[in-house]
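# An overview of the molecular structure
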Amino acid sequence: MPKSSAKSVIRRRLKNGLTVVLKEMHAAPVISFCVWYRVGSRDEHLGITGASHWVEHMMFKGTKRFNETELDRLVSREGGARNAFTWIDFTAYYETMPADRIELAIDLEADRMVNSRFDMREVNSERTVILNEREMYENSPGFRLNEEMQAAAFRVHPYGHEVIGHVTDLRSMTRDDLYAHYQRHYAPGNAVITVAGDFTARDMLAMIEKYFSKIKPNVATPKKRAAVRPRIVEPAQRGERRIIVRGEGETNYLQMAFHAPAADDVDYMALVALDSVLCGASGLSFFGGGTSNRSSRLSKALVDGGYAADIGGGVLPTVDPFLYTISGTVMPGKSIEEMETAIWAEIERIRTQPVENAELEKALKQTRAQVAFSTETVTNQAFWLGFAEIIDDHTWFDTFLERLAHVTREDVQRVAQRYLTRDNVTVGAYLGSGPATGDASSDEDADE
Amino acid sequence: MPRKSTAARTATSLPHSGNVAVFELNNGVRIMAYENFSTPSVIVSGFLHAGARDEGSAAGLAGFTTDCMMRGTRSHNYEAIFEQSEAVGASLSVSSGVFTSGFYSKSLAEDLPMMLDLLAEVLREPTFPEAEIERERSEWLTELQERSNSTRAMSSLAFYTAAYPETHPFHRSVNGYPETARTITRDDVARFHREFFAPAGLTVVVVGAVHANEARDRVAAAFGDWSATRPQRAELPPVPALQGHFRKHITMAGKSQTNVLLGHPALPTTHPDWLSCALMNSILGQFGMYGRLGESVRKEEGLVYYIGSHFDGGMAEGAWTLSAGTNPDTVDRVVDIAVREMRRIRDRKVTARELEDNQRYFIGSLPLQMETNEGIAGQIISMARYNRPLDHLLTYPERVRAVTTADVQAAARRWLHPDDYVLITAGK
């Protein structure tokens, strides 16, 4: 195969409004097929919080053609991997399969785009599965702190609730609520398909058309995207917000969240550079991973300084303005106030003095490596193409490095001054109330 | 140009004797190199024979030693080690398990020489500066504090303590305990490194955009003149079979969900029954969405978000465990169904269709595991660790297909014990 085809990305729009983005990669005989819907927790209101995630669960419960067990079985027995994720801005489904078996994934994704059953009994058994999922998250101090932080940072925008939803809504939502959410948002015009791997674009496009072109736009889906997904504006914050979460355990955690621009904003890349200097390059580690950040400014000041056991930052790319977050674990023996003071000192420094050119060069080199690593697998490549298409357009990821290279020291200082302010921050503390582990009881059944 | 079929291409991308170059140095270092120029990265990964088995009663000493090795070497202090690797977006880590200590470096190919030199220094010439050891100790203590607030981690600790005799290394946590974390000294760490880190059996796997001969020359330059030796290991004590049920609940106030961990000692990866066991366990607790356990506990009754089962394997009698998270009110129901499924797979043969589905999954998912340099390196390390022939993966489909429903039932009868297990619950 000519190497030159490996880089090119092809974007098409089918007559029914479905967007298709394809990237050929011939290093290994595998293909990742991903379907994205422009629906996430940002498209929910009180009463149906968690609906997008619950719909995602119902998408695995089968259609008239494929029942649940059959869906799992068919993909697995072909050696495939499949999963889905619901995020604040989107819901995405993927199958990564041996290249010669990918038609199965295309067939079943087309089928469940409009034919998922939402059987009443299954809605109810999935209700307890999701409540269990929520309880699993609640076991973690990090989740509890995050949930309160988002609620405090957003008082209007639905980014203020967790993707999994509020317990009260999870208990009260009905099958019809979920089905209406599905019908409104699951339609070709509200979806993007991204495919990366060992195929030829022409054949892949033909196969996608074979299964998807017959799907009609849903009557419940408004014609204009702006109507499906209206613009929601969070009012500007006018003063510091503080929250405290108390819970079990001996460890304290600190989080600071600043309102930050959306992924398509001109300031976004400067914040990525700023985050790299403060906390290490982490912008591309949606799946985790990335490198250590021991040589970053905050790690040197906080971890080497003995205030924190770890520290990290992140400015997630989002459709609407979200948050730049700094979070860390307080070192035992140090107070949360001492840790916060040390972070503000570093923020003050980056606001008042331009960063060094060497620091920007380092951010660029780190990111170059991360970009290279993140596109080694077809699953990651399909993921980034789709993520980019949802938050902006598919070139967002491919031009990421180029745009980062254009960020100047002045840009970094400017966004530090603009966003990292006392009036724009929510500070949250998780305060451990004491050892989580109490008595242990045991018994031995000798008779069995 | 016509494309080769998927099957033919898979066979050439799997690591095997035709594409893995193996070199042995005089001091016992083994180099295994696999070239892959389709990505710009290089992985250097492998292991040497030093681990928690060697630490005696100082639980966590091996792990603390590897953590402290990253805190300064003869020519790089802590800051320089991380500055140098992070500046190029590379990762470097060393860590310790029960039998071996492992290392991992990932970088762009252009940075390989620098990363290899750094790795060699970390493994051979750590200086263990006192102040850095104390910093590392504080981080260790924080991690242990966080561990005590995790239902999963606390169940796991209690499980291994109950399931393995005190004389066996699996009885203790490789991460140690607050008592050992506070008392281990710099001398203990330096002595452990001096005594047990040696080149004999050191396996260095290099996968990525570098020619095999270059990989060999660079690894030889980094490790060829290392002449340390380590003492022989004693035999491991036997692991007695469990008798009856042992059940323990760890009360963790404030937790919404209870973690359930049920299991018992089982078999090493090198055991001839391993493949039958792996297929049996896949049917029981992995295939599709958590196998039969997922069907009955999650899909039918909605009692859990996750449930699954797993053979640890490894170099000794690793455990078989089943784990799940559920509401405190439904713990007993989950355990009942789980034990019922253990009995069912022992009492009745799995269906031919179930076995065939799983065989196809085992064989068909290989290309997905070989997609990254990490995945390929992982397979080569497994072959080295368990002394498997280099063509292990080429014969794998044939071996998987040879397993019968009778083999699966025999494996369940021999290696699953629904009457003799340890059950730990941690939660409210």
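Worth saying up front: this structure is predicted, and the values here are computed from it rather than measured.

### Some details on the domain arrangement of chain A
Residues and elements named next belong to chain A.
- Examined at the domain level, chain A breaks down into domain 1 (3-228) and domain 2 (241-432).
- Each of domain 1 and domain 2 has a C-alpha centre, and the two are 28 Å apart.
- Taken together, the 38 residues of domain 1 in the interface contact 40 residues of domain 2.
- Interface area for domain 1 against domain 2, summed over the two sides, is near 3300 Å², with a carbon-plus-sulfur share of 72%.
- Ranking the residues of domain 1 by area buried against domain 2 places Trp36, Leu145 and Met149 at the top, with a combined share of 18%.
- Linking domain 1 with domain 2 are three salt bridges.
- Among the elements of the structure, β1 (9-13), β2 (19-24), β3 (30-37), β5 (91-98), α5 (141-153) and β6 (191-197) are those that each provide at least two residues to the side of domain 1 that touches domain 2.
- Of all the elements, α5 adds the most residues to the side of domain 1 that touches domain 2, at nine residues.

### So, the pairing of β6(A)
Residues and elements named next belong to chain A.
- Across the seven residues of β6, seven count as buried, placing the element largely inside the fold.
- Along β6, one buried face is formed by Ala191, Ile193, Val195 and Gly197 and the opposite face, lined by Val192, Thr194 and Ala196, is buried too.
- Where β2 and β6 come together, six bridges link them in parallel fashion. Following the sheet pairing, Val21 is matched in β6 by Thr194.
- Where β3 meets β6, seven bridges bridge the pair, whose relative direction is antiparallel. Within β6, the residue paired with Ile31 across the bridge is Gly197.

### Remarks on the pattern of salt bridges
- Following the criterion strictly, the structure yields 64 salt bridges over all chains and no others.
- Taking the shortest distance from any N to any O, the salt bridge between A:Glu147 and A:Arg134 comes out at 2.9 Å. Of the two residues, A:Glu147 is situated in helix α5 and A:Arg134 in helix α4 (residues 120-138); the sequence distance between them amounts to 13 residues.
- The class for A:Glu147 is buried, based on a relative accessible area of 15%.
- A salt bridge links B:Glu295 to B:Lys299; the shortest N-O distance between them is 2.9 Å. With B:Glu295 and B:Lys299 both in helix α11 (residues 287-300) and four residues apart, this pair spans about one turn of that helix.

Rules used in this analysis
- Residues numbered from 1 in each chain as written.
- Chains lettered and ligands numbered in written order.
- Predicted model: local features only at pLDDT ≥ 70, side-chain atom pairs only at ≥ 80, totals over all residues.
- Heavy atoms only, no water.
- Domains from an automatic or database assignment.
- Contact = heavy atoms within 4.5 Å.
- Buried area = accessible area lost by both parts, 1.4 Å probe.
- Salt bridge = Lys/Arg side-chain N within 4 Å of Asp/Glu carboxyl O.
- Helix = DSSP H or I, 4+ residues; strand = E, 2+ residues; numbered from the N terminus.
- Buried < 20%, exposed > 50% of the residue type's maximum accessible area, 1.4 Å probe, protein only.
- Pairing = 2+ DSSP bridges.

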